[in-house]
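Fold and contact review
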Amino acid sequence: WIAGAYAAQNVLYFAALSYISAASYQVLSQSKLIFTAALTVTMLGKALSARQIAALAALLVGSVLVQVSEMSGGAVAAGGTAALYGGFLTILGALLSSLPNVWYEKLLKTEGEDEGVRNVQVTCWIFLWIAASQLATAFRIGATPFASFRAFGGALLGGSGLDGITPAVWVIIGLKALNGILIPATLKYAGNLVYLYAK
């Protein structure tokens, strides 16, 4: 379920950006700090300092003001409740990012847990969730992904194979892989709130 939540959060990221601006998305996605703080208190039994609570309140007020600003702009005039829907998708994505992060922190801080093994498990499950999503998309558009090995590979990779993956894209892939190693280490040795504040 951790990998499923991460995969769903990544899909919501693209869906939300179809309805709101990147700037609004960036501000609203910081609501994951609020969710993380609440889940850290309830799931891990940690207490928040007065300064942390004040920072979270300021973040909440800022997020609401940005969404109100976005709704009063051209997005709502052009598409009805597009900005509101985009904001909802962003906040849902933030929740789907926070819940597995806090649970994952709890797992990593459990005595005897192997961080490397957990990383491989989560990565494999994320791959399976993304593959299932890609296959569902292929079926939805009328493709036959099981007709041949090539068709199956094309369905998993979005139909274009490795076309368009330039050296710059490989650099991004490498950075995301490094990110996948560093984040669990941060969760294990520092915690979610430290990670999110630093981010």
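A brief report on the enclosed structure follows. Because the structure is a prediction, the values reported are computed rather than measured.

Attention now goes to the overall build of the chain. The helix and strand tally for the chain stands at ten helices and zero strands. Tracing the chain from N to C terminus, the helices and strands come up as α-α-α-α-α-α-α-α-α-α. In the chain, the proportion of contacts linking residues at least 24 apart, taken out of those at least 6 apart, comes to 72%. Surface summary for the chain: the accessible area is close to 11,700 Å², and the carbon and sulfur share equals 71%.

For Ala177, the position within the fold is in helix α9 (residues 167-189). What makes Ala177 partly exposed here is its relative accessible area of 47%. Expressed as a C-alpha distance, the spacing of Ala177 and Thr123, which sit 54 residues apart in the sequence, is 9.9 Å.

Applying the stated rule across the entire model yields three aromatic pairs. Note on Tyr13 and Phe14: the rings are 5.0 Å apart at their centroids and 75° apart in plane angle, and the pair reads as edge-to-face. Since its relative accessible area comes to 32%, Tyr13 is described here as partly exposed. Joined through ring pairs, the aromatic side chains of Tyr13, Phe14 and Tyr25 make up one cluster.

Turning our attention to the environment of Leu135. Along the chain, Leu135 falls in helix α7 (residues 115-140). Measuring from C-alpha to C-alpha, the distance between Leu135 and Pro145 comes to 7.1 Å, with ten residues separating the pair along the chain.

Given a rise of 1.5 Å per residue, 16 residues ought to cover 22 Å, and the 23 Å separating the end C-alpha atoms of helix α1 (residues 2-17) matches this to within 8%. Every buried residue belonging to α1 is among Ile2, Ala3, Gly4, Ala5, Tyr6, Ala7, Gln9, Leu12 and Ala16, and all of these are buried. As for α1, its buried residues are in contact with α2 (22-29), α6 (82-108) and α7.

Turning next to the nonpolar core. Counting residues in hydrophobic clusters, the biggest one holds 15 residues, and the most contacted among them are Ile2, Tyr6, Leu33, Tyr104, Val122 and Leu187. Of all the secondary structure elements, the ones that give two or more residues to this core are α1, α3 (32-44), α4 (50-72), α6, α9 and α10 (192-198). Counting seven residues, the second-largest nonpolar core is a separate cluster that includes Ala16, Tyr25, Leu28 and Ala83.

This part is about the side chain of Glu105. The residue Glu105 is located in helix α6 in this model. Within polar-contact distance, the side chain of Glu105 engages the side chain of Lys109 at 2.9 Å. Leaving out residues up to four positions away in the same chain, Glu105 has contacts with Leu44, Lys46, Leu187, Gly191 and Asn192.

Time to look at the packing of α6 against α9. Axis separation between α6 and α9 bottoms out at 8 Å; the angle between their running directions is 70°. By the criterion of interaxial angle, the relationship of α6 to α9 is roughly perpendicular. Considering the relative orientation of α6 and α9, their crossing is right-handed. Here Asn101, Tyr104, Glu105 and Leu108 of α6 lie close against α9, whose contacting residues are Pro184, Leu187 and Lys188.

Reading the values: rules and limits
Every chain is numbered on its own, with residues counted from 1 as its sequence reads. This being a predicted model, a pLDDT of at least 70 is required before a residue's local features are given, and a value of 80 or more before pairs of side-chain atoms are given or counted; all residues contribute to the totals for chains, interfaces and linings. Side-chain measures were taken over the full set of non-hydrogen atoms in the model, leaving aside hydrogen atoms and water. Counting from the N terminus, the helices are DSSP H or I runs at least four residues long and the strands are E runs at least two residues long. We call two residues in contact whenever any of their non-hydrogen atoms come within 4.5 Å of each other. Per-residue and other accessible areas were derived by the Shrake-Rupley procedure at a 1.4 Å probe size, with only the shown protein chains allowed to occlude residues. Each residue is placed in one exposure class: buried if its accessible area under a 1.4 Å probe, protein chains only, is under 20% of its type's maximum, exposed if it is over 50%, and partly exposed if it falls in between. Classification of ring pairs rests on two measures: the distance between centres of Phe, Tyr or Trp rings, Trp counted by its six-membered ring, which must be within 6.5 Å, and the angle between planes, read as stacked under 30 degrees, edge-to-face over 60 and tilted in between. Expected helix span is taken as 1.5 Å per residue step, with the number of steps being one fewer than the number of residues. Joining through side-chain atoms within 4.5 Å is the link that ties buried Ala, Val, Leu, Ile, Met, Phe, Trp, Tyr and Cys residues into a set, and such a set is a nonpolar core. Counted as a polar contact is a pair of N or O atoms within 3.5 Å, where, for protein atoms, one must be capable of donating a hydrogen and the other of accepting one, and residues adjacent in sequence contribute only when both atoms are in side chains. In this analysis, axes come from line fits to C-alpha atoms, helices being fitted only over the stretch in contact, and the angle between any two N-to-C directions falls in the range 0 to 180 degrees. For classification purposes, an angle smaller than 35 degrees is called roughly parallel, one larger than 145 roughly antiparallel, one from 65 to 115 roughly perpendicular, and anything else oblique. Rotating anticlockwise by less than a right angle from the far helix to the near helix defines a left-handed crossing, while the corresponding clockwise rotation defines a right-handed one.

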